[in-house]
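Observations on the model geometry
Listed below, chain by chain, are the residues.
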Amino acid sequence: MHRDFDLNLTHLTKIEGAASVELRVRNNKVEHVYFKTTEYKRFFTQGMIGKPYVVLPQYLARICGTCSNAHILCSIKACENALDIIPSEQTMVLRDLVMDGMIIRDHALHLYLFVLPDLFSKDSFLDFDDSDHLQHQLLHDGFDIKAAGSYLSEIVAGRIVHGVFPVIGGFVGFPKKQEIKQAILKLEKIRPAVLRLIKVFEDCDFKFDRQTNFVALTPSEYGFLRGKILTGKGRYIEEKNFRDYFEKTILPYSQAAAFKHEGSPYLVGALARMNFAKDNLGPETKKSLGKTLSSFPSTNVFYNNLAQAIEILHCLDHAVNVLKTVKIADEKPVDAKLKQSTGIGIIEAPRGTLYHEVILGNQGKVLGGEVVVPTQQNQLSIERDIAALVETFLPQASQEKILFEMEKLVRAYDPCMSCAAHFLKVKWL
Amino acid sequence: MRTGQKTKKKIKIGWFVFSCSGDNTIIMVETMNEYWQKWRKTYDFKYARVFRNNNILKDIDIAFVEGAIASERHKARLELIRKESKKLVAVGSCAITGLPAGQRNSFSLEQQETIDFLLKRFAALPRVLRVSDVVKVDEIIPGCPMKSEDFVKVLNKLTSQLDA
């Protein structure tokens, strides 16, 4: 049976921001897949020019709500690298906690609200059946886990999104003793729920395997702020050399550009991190996971969901350990000595490797910069995988089935279109 | 539920997002951590792409609109939302003031020149608009992002009005 058809998924739902997918099939072969960012550009990398550097982290946080605290930390890192500022040990500990709070909340949002409805054939997490034991449990778990992550963000970053405490050189607000006590209680209380979530995704039979190149910042202890960039080919890249190895590709059909590594698509995010660094997880986390970790390294893109669930457990255990053992005192941010300079910061945001570059004049004015977000880096991988996945369903599957499977796959990548639609200075071909 | 007991009709909520970071969506979703059990009984999220696939833009009781208006398509969509909604609330800085999503409105000529071709390519409006530039707004919830308690306050206020 020969099939020719076009599919246009104009409004992808249950993802961050606005995106669409255009698919063309001719003679049972996918001719093209366009994964389009339909968010309108807000031109942040143009708008940053001329601003004083001190406002940059808060300004660039407005690229994206859910990833905002990652943009803040990445921009701070770029500015500190430009100005040779070395943050204190306590500052680094607090930044790790900011990441913990964000990862717990953000991954839980993705897994419970966006992905779980697909597993239970529901349109919405809010439609879960209270009279069904498992669904009732998951409803409570989802909101409890998000609440604990949000609370940690509030006390350490000052807010859930666009946190106001982290600044260049340190922090301007600190969690109080009572708040730390509360956070430990809330986090410890959700641990069984996180283990249940891991089990759900370990048992999930969604599968799409393909070889790809993974890329992630890989520190010696599992984390998001330190280390060198590791590629699946075993190459370590210094963060300052990122743009020498990752090439921008212009997509005339999308409001965002894409990236390649050595001419090929690559994948960033929780799956890449888990594939590279599962051995660096803490002992308590590893102990609770048991044989689950043997699922990694994996080329099943749906295991990005499992990797995210495991990262929630890691962040929870890490945060509890830090909050119980580290004394946090008020401390002034490190002062900056202004100079003309360029700084690069790279961190692992919830969805993968995030790159900020800032060019500063000698009066501390921003002369330019660039932001590369995870979704731009996953763009070509998403398109290639949709094409391969759809061909596995041809010629028999209905268009409805194909649409559903495409959406499931895109959700597994957890794209963030708000991030992807910030402005990149591009020359169109 | 006892037989014959009158079931109260759920209030139909729409949550619509235009050009912005989506930060108010996150605050709304996080506010739900505390209120979800109550809200499931009181509200029906008829249109909220963060929650569901099958979204219906018809007969909405309260429409929350986040983000600035960046294209003719956005304008037409917002006008339809207004037509289909009893109450419309502009949520957050981009919806209320147009900023920071509309920062290009105050770009220098030089900056403007570098982005003009992109505005044309994607049929963007020459100037980004506030929600109130396009439709009548009943309530606003300011902030970047809004505060959770402000959202609950406006939601409760409009719920009381609709119940009455």
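Going by the structure above, here's the rest.
This structure is a prediction, so every number in the text was calculated from the model and none was measured. (Residues numbered from 1 in each chain as written. Chains lettered and ligands numbered in written order. Predicted model: local features only at pLDDT ≥ 70, side-chain atom pairs only at ≥ 80, totals over all residues. Heavy atoms only, no water.)

Secondary structure summary: chain B contains five helices and seven strands in total. Counting from the amino terminus, helix and strand elements in chain B follow one another as β-α-β-β-β-α-β-α-α-β-β-α. Across its three principal axes, chain B shows a C-alpha extent of roughly 70 × 30 × 25 Å. Taken across its 164 residues, chain B has 54% of its residues classed as buried. Put simply, 75% of the contacts in chain B that link residues at least 6 apart link residues at least 24 apart. Accessible surface computed for chain B: about 8,100 Å², of which carbon and sulfur atoms make up 51%. Of the side-chain charges in chain B, 29 are positive and 19 negative, and the distance between the mean point of each set is 8 Å. (Helix = DSSP H or I, 4+ residues; strand = E, 2+ residues; numbered from the N terminus. Buried < 20%, exposed > 50% of the residue type's maximum accessible area, 1.4 Å probe, protein only. Contact = heavy atoms within 4.5 Å. Areas by Shrake-Rupley, 256 points an atom, 1.4 Å probe, with all protein chains shown as cover. Lys, Arg positive; Asp, Glu negative; His and termini not counted. Charge placed at Lys NZ, Arg CZ, Asp CG, Glu CD.)

Moving on: the interface of chain A and chain B. Quite often, the size of an interface is put as the accessible area lost when its parts meet. Taken together, the contacts link 53 residues of chain A with 42 residues of chain B. Between chain A and chain B we count four salt bridges in total. Scanning the region where chain A abuts chain B turns up 22 residue pairs in polar contact (both at pLDDT 80 or more). Classifying every residue of the side of chain A that touches chain B by side-chain character gives 25 nonpolar, 14 polar and 14 charged. (Salt bridge = Lys/Arg side-chain N within 4 Å of Asp/Glu carboxyl O. Polar contact = N/O pair within 3.5 Å; in protein donor to acceptor, adjacent residues only side chain to side chain. Nonpolar A, V, L, I, M, F, W, Y, C, P; charged D, E, K, R; others polar.)

Another aspect to go through is the sheet that holds strand S1 (residues 11-17) of chain B. Residues and elements named next belong to chain B. The sheet built from five strands is open, its strands ordered S2-S1-S3-S5-S7 with parallel pairing. Pairing within the sheet leaves two strands with one partner each, and these edge strands are strand S2 (43-48) and strand S7 (139-141). Neighbour-to-neighbour, the strand axes of this sheet turn through a mean angle of 25°, independent of strand direction. With six bridges connecting them, strand S3 (residues 60-66) and strand S5 (residues 85-91) associate as parallel partners. The residue of S5 that forms the bridge with Ile60 is Ser85. The sheet contacts of helix H1 (residues 23-42) involve S1, S2, S3 and S5, and relative to S2 the element is tilted by about 145°. Across the face of the sheet, helix H2 (residues 72-84) comes into contact with S1, S2, S3 and S5 while running at roughly 130° to S5. (Pairing = 2+ DSSP bridges. Axes fitted to C-alpha atoms, helices over the stretch in contact; angles between N-to-C directions.)

We now examine the state of the cysteines. Note: disulfide means a covalent bond formed between the sulfur atoms of two cysteine side chains. For the structure shown, the criterion picks out zero disulfides over all chains. A disulfide-free cysteine, Cys94 of chain B has its sulfur positioned 5.8 Å from the sulfur of Cys20 of chain B, the nearest such atom. (Disulfide = S-S within 2.5 Å.)

Turning to the sheet that holds strand S6 (residues 213-218) of chain A, a few remarks are in order. Residue and element names in this part refer to chain A. Strand order in the open sheet formed by four strands is S8-S7-S6-S11, with mixed pairing between adjacent strands. Unpaired on one side and paired on the other, strand S8 (236-237) and strand S11 (266-267) mark the two borders of the sheet. Note: strand S7 (residues 228-231) against S8, two bridges, orientation antiparallel. When the sheet's bridge partners are listed, Ile229 is paired in S8 with Ile237. Lying on the sheet, helix H8 (residues 270-277) is in contact with S6, S7 and S11; it crosses S6 at an angle near 75°.

Bringing the pattern of salt bridges into the picture now. Residues and elements named next belong to chain A. This structure, assessed with the given rule, holds 36 salt bridges over all chains. Measuring nitrogen to oxygen at the nearest pair gives 3.0 Å for the salt bridge that ties Asp96 to Arg226. Linking Asp96 in helix H4 (residues 89-119) with Arg226 in the loop between S6 and S7, this pair joins segments that are 130 residues apart in sequence. On the basis of relative accessible area, Asp96 is assigned to the buried category, the value being 14%. By relative accessible area, which is 36% here, Arg226 ends up partly exposed. Between Lys401 and Glu405 there is a salt bridge, and its shortest N-O distance comes to 2.8 Å.

Before going further, it helps to examine empty space enclosed by the protein. Rolling a probe over the atoms, with the probe sized like a water molecule, indicates the empty space that remains. All names here are of chain B. Within this structure, the stated rule accounts for six cavities of 30 Å³ or more. In this structure, the largest cavity spans a volume of roughly 80 Å³. Secondary-structure elements contributing two or more residues to the lining of the largest cavity are H1 and helix H3 (92-97). Examining the composition of the lining of the largest cavity, we find that four residues originate from one element, H3, more than from any other. Partitioning the lining of the largest cavity into residue classes produces six nonpolar, six polar and four charged. (1 Å grid on protein atoms, 1.4 Å probe; cavity = no way out; pocket = protein on both sides within 12 Å on 5 of 7 lines; lining within 4 Å. Points joined across faces, edges and corners; volume = space filled by probe spheres on them.)

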